[in-house]
Amino acid sequence: MQKVTEKFREDIQKLMARFNDTSAPKSEGGASKALKALLWTGAAVSAAALANALIFYKTPPLISQLPGESLYFPAPEGDVFYKKVGSGPPLVLVHGIGAGCSSFEWRGVLASLSEKYTVYALDLPGFGKSDKPALAYTPEVFIQSIERFCREVVGVGDGRGEADIIASSLSAAFVIALSQRDPSLFRRLVLVAPTGFEALAHEPDPVASGAAYATLKTPVLGTSIYNAIASRVGMREYLIRRIYHNPELVTDDLVTQYHMAAHQPGGESVLPAFVSGRLNLDVSGLFSGVVDLPLLVWGRHAKETPLHQAEPFLSANPNAKLEVIEGAGMLPHDEQPEAFLAAVRPFLAQPDEPEIEAKPKRKRG
């Protein structure tokens, strides 16, 4: 990414030097060539901008494929879309972070979970059907969004009861931070291939991070790179190579769903922060202080966050348990929904142990 930025800057600097070189004779031919080069550059930029706009324009509005009532929660960062279905104790589902991600990833388990729970599956700001403002996205943006949703929509915290929560990948790290900050919100945590000890845990190199962020925030160039990453070909390759263990599950319909979600208006807003490492969150010092019971669920063949990365989580918190799902990658709840449910249901159904209930809850702040 840094090389892309440097090449882009070099090209612009060369063009400007040709047009503004005061040491060269101002021949009509030289000025004419510089002007032509500038015009060609403008035409190329305009063509790229038009192509980018057409990709988003031609993408139809995203329709949620999940069962339940479609609702919106007005939040400071815009309207947050969510699905609500079922009856019983509250259960919140939080999808992972990445191009095309949304609550759609819970399609294989939501209906079954709703048989015993009131399930809330939200699209985080910048994803799915939620608003996608051009914010400076940070972990705190998402942590506060999840907290606000749980308090104001689910109605938990501050002595009003607790919710169970299932979160995936980087969002699981956000939930860990929130749980440690305010244990009154959650009863049990199900963390699917969480990051925060090794993957997506460290402060990025400021030079490389700044270059990546600046490149992806450049209006035309950044959107062009995003459209290449989030193209149908790019999506298919990434899902097959890095997310799913079974490539046959990456169907045309699945690719279309991710492509559509990625190209809703503002769909490119979060990528600069994600790729540049500005969403990385180190939870190694937080997870040991989590008093809510955590269950780690890992696909045996996970690549982005491999199974061996479960070990530091287990070492840091003696209350943590691990369930490994065979025949699955990063999304065991989508690849092996029955095995996922078999692991999660008993954990959620267990009554609270007396010593856990008696354990004092820290106050906010």
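What comes next is a walk through the structure. (Residues numbered from 1 in each chain as written. Predicted model: local features only at pLDDT ≥ 70, side-chain atom pairs only at ≥ 80, totals over all residues. Heavy atoms only, no water.)

**Focus: the packing of aromatic side chains**
In step 1: For the coordinates displayed, the defined rule picks out 13 aromatic pairs.
In step 2: Pairing Phe104 with Tyr258 gives two aromatic rings, centres 6.4 Å apart and planes at 85 degrees, and the pair type is edge-to-face. Taken together, the residues Phe104 in the loop between β3 (90-94) and α3 (110-113) and Tyr258 in helix α9 (residues 252-262) connect sequence positions 154 residues apart. Across the pair, exposure class does not vary: Phe104 and Tyr258 are buried alike.
In step 3: An angle of 20 degrees between the planes, with centres 5.7 Å apart, marks the rings of Tyr137 and Phe142 as stacked.
In step 4: For Tyr137, a relative accessible area of 2% translates into the label buried.
In step 5: Members of the aromatic cluster, joined through ring pairs, are Phe73, Tyr82, Tyr120 and Phe149.
In step 6: A cation sits over an aromatic face here: Lys129 above Phe81, 5.4 Å from the ring centre. (Phe/Tyr/Trp six-rings, centres within 6.5 Å; stacked < 30°, edge-to-face > 60°. Helix = DSSP H or I, 4+ residues; strand = E, 2+ residues; numbered from the N terminus. Buried < 20%, exposed > 50% of the residue type's maximum accessible area, 1.4 Å probe, protein only. Lys NZ or Arg CZ within 6 Å of the ring centre and 35° of its normal.)

**Re the pairing of strand β6 (residues 186-192)**
In step 1: Within β6, seven of the seven residues are buried, leaving the element largely enclosed by the surrounding structure.
In step 2: Pairing analysis gives five bridges linking β6 to strand β7 (residues 293-299), with the strands arranged parallel. Across the sheet, residue Val190 finds its bridge partner in β7, namely Leu295. (Pairing = 2+ DSSP bridges.)

**Observations regarding helix α4 (residues 139-154)**
In step 1: Taking 1.5 Å of rise per residue, 16 residues should cover 22 Å, and α4 covers 21 Å from first to last C-alpha, within 8% of that figure.
In step 2: Most of α4 sits out of view: 13 of its 16 residues are buried. (Expected span 1.5 Å × (residues − 1).)

**With respect to the layout of surface pockets**
In step 1: In this structure, the largest pocket spans a volume of roughly 540 Å³.
In step 2: What lines the largest pocket is a set of 25 residues, among which Ile97, Gly98, Tyr238, Ile243 and Phe274 lie closest to the centre.
In step 3: Of all the secondary-structure elements, those providing two or more residues to the lining of the largest pocket are α8 (232-243) and α10 (271-275).
In step 4: Taken together, the residues that form the lining of the largest pocket break down as 16 nonpolar, seven polar and two charged. (1 Å grid on protein atoms, 1.4 Å probe; cavity = no way out; pocket = protein on both sides within 12 Å on 5 of 7 lines; lining within 4 Å. Points joined across faces, edges and corners; volume = space filled by probe spheres on them. Nonpolar A, V, L, I, M, F, W, Y, C, P; charged D, E, K, R; others polar.)

**Some remarks on the side chain of Thr305**
In step 1: Inspection of the secondary structure assignment puts Thr305 in the loop between β7 and α11 (311-316).
In step 2: If sequence neighbours within four positions are ignored, Thr305 has contacts with Ala193, Pro194, Thr195, Ala199, Trp298 and Met330. (Contact = heavy atoms within 4.5 Å.)

**Structural notes on the environment of Val291**
In step 1: As for its position among the elements, Val291 is in the loop between α10 and β7.
In step 2: On the accessibility criterion, Val291 (10% relative accessible area) is buried.
In step 3: A C-alpha to C-alpha distance of 9.1 Å links Val291 and Asn317, two positions 26 residues apart in sequence.

**Comments concerning the nonpolar core**
In step 1: With 72 residues, the main nonpolar core has Val92, Phe142, Ile146, Phe149 and Phe287 as its most contacted residues.
In step 2: Residues within four places of Phe287 in sequence aside, it is in contact with Ile176, Leu191, Phe197, Pro294, Leu296, Phe313, Ala316, Asn317 and Ala320.
In step 3: With 25 residues, the next largest nonpolar core counts Val85, Leu113, Val190 and Phe340 among its residues. (Core = buried A, V, L, I, M, F, W, Y, C linked by side-chain atoms within 4.5 Å.)

**Things to note about the packing of α8 against α9**
In step 1: Where α8 meets α9, the axes come as close as 9 Å, and the angle between the chain directions of the two elements is 120 degrees. Crossing angle aside, the handedness with which α8 passes α9 is right-handed. Listed contacts from α9 to Arg232, Met235, Arg236 and Leu239 of α8 are Asp252, Leu254, Val255, Thr256, Tyr258, His259 and Ala262.
In step 2: Counted by class, the contact of α8 with α9 contains six nonpolar, two polar and three charged residues. (Axes fitted to C-alpha atoms, helices over the stretch in contact; angles between N-to-C directions. Left-handed = near helix turned anticlockwise from the far one by under 90°.)

**A short note on unusual backbone geometry**
In step 1: Located in the positive-phi region is Ser169, a residue other than glycine, with phi close to 55 degrees.
In step 2: Inspection of the secondary structure assignment puts Ser169 in the loop between β5 (163-168) and α5 (170-181).
In step 3: By relative accessible area, which is 15% here, Ser169 ends up buried.

**Focus: the sheet that holds strand β2 (residues 78-85)**
In step 1: Taking strand neighbours across the sheet as the criterion, the eight strands line up as β1-β2-β4-β3-β5-β6-β7-β8 in an open arrangement whose pairing is mixed. The two strands at the open ends of the sheet, each matched to only one other strand, are β1 (69-75) and β8 (321-325). Across this sheet, the average inter-strand angle for adjacent strands is 20 degrees, counted without regard to direction.
In step 2: The sheet contact formed by β1 and β2 spans seven bridges and is antiparallel. Note that in β2 the partner of Ala75 across the bridge is Gly78.
In step 3: Across the sheet, helix α13 (residues 337-349) lies against β3, β5, β6, β7 and β8, angled at about 160 degrees from β6, the strand it touches most.

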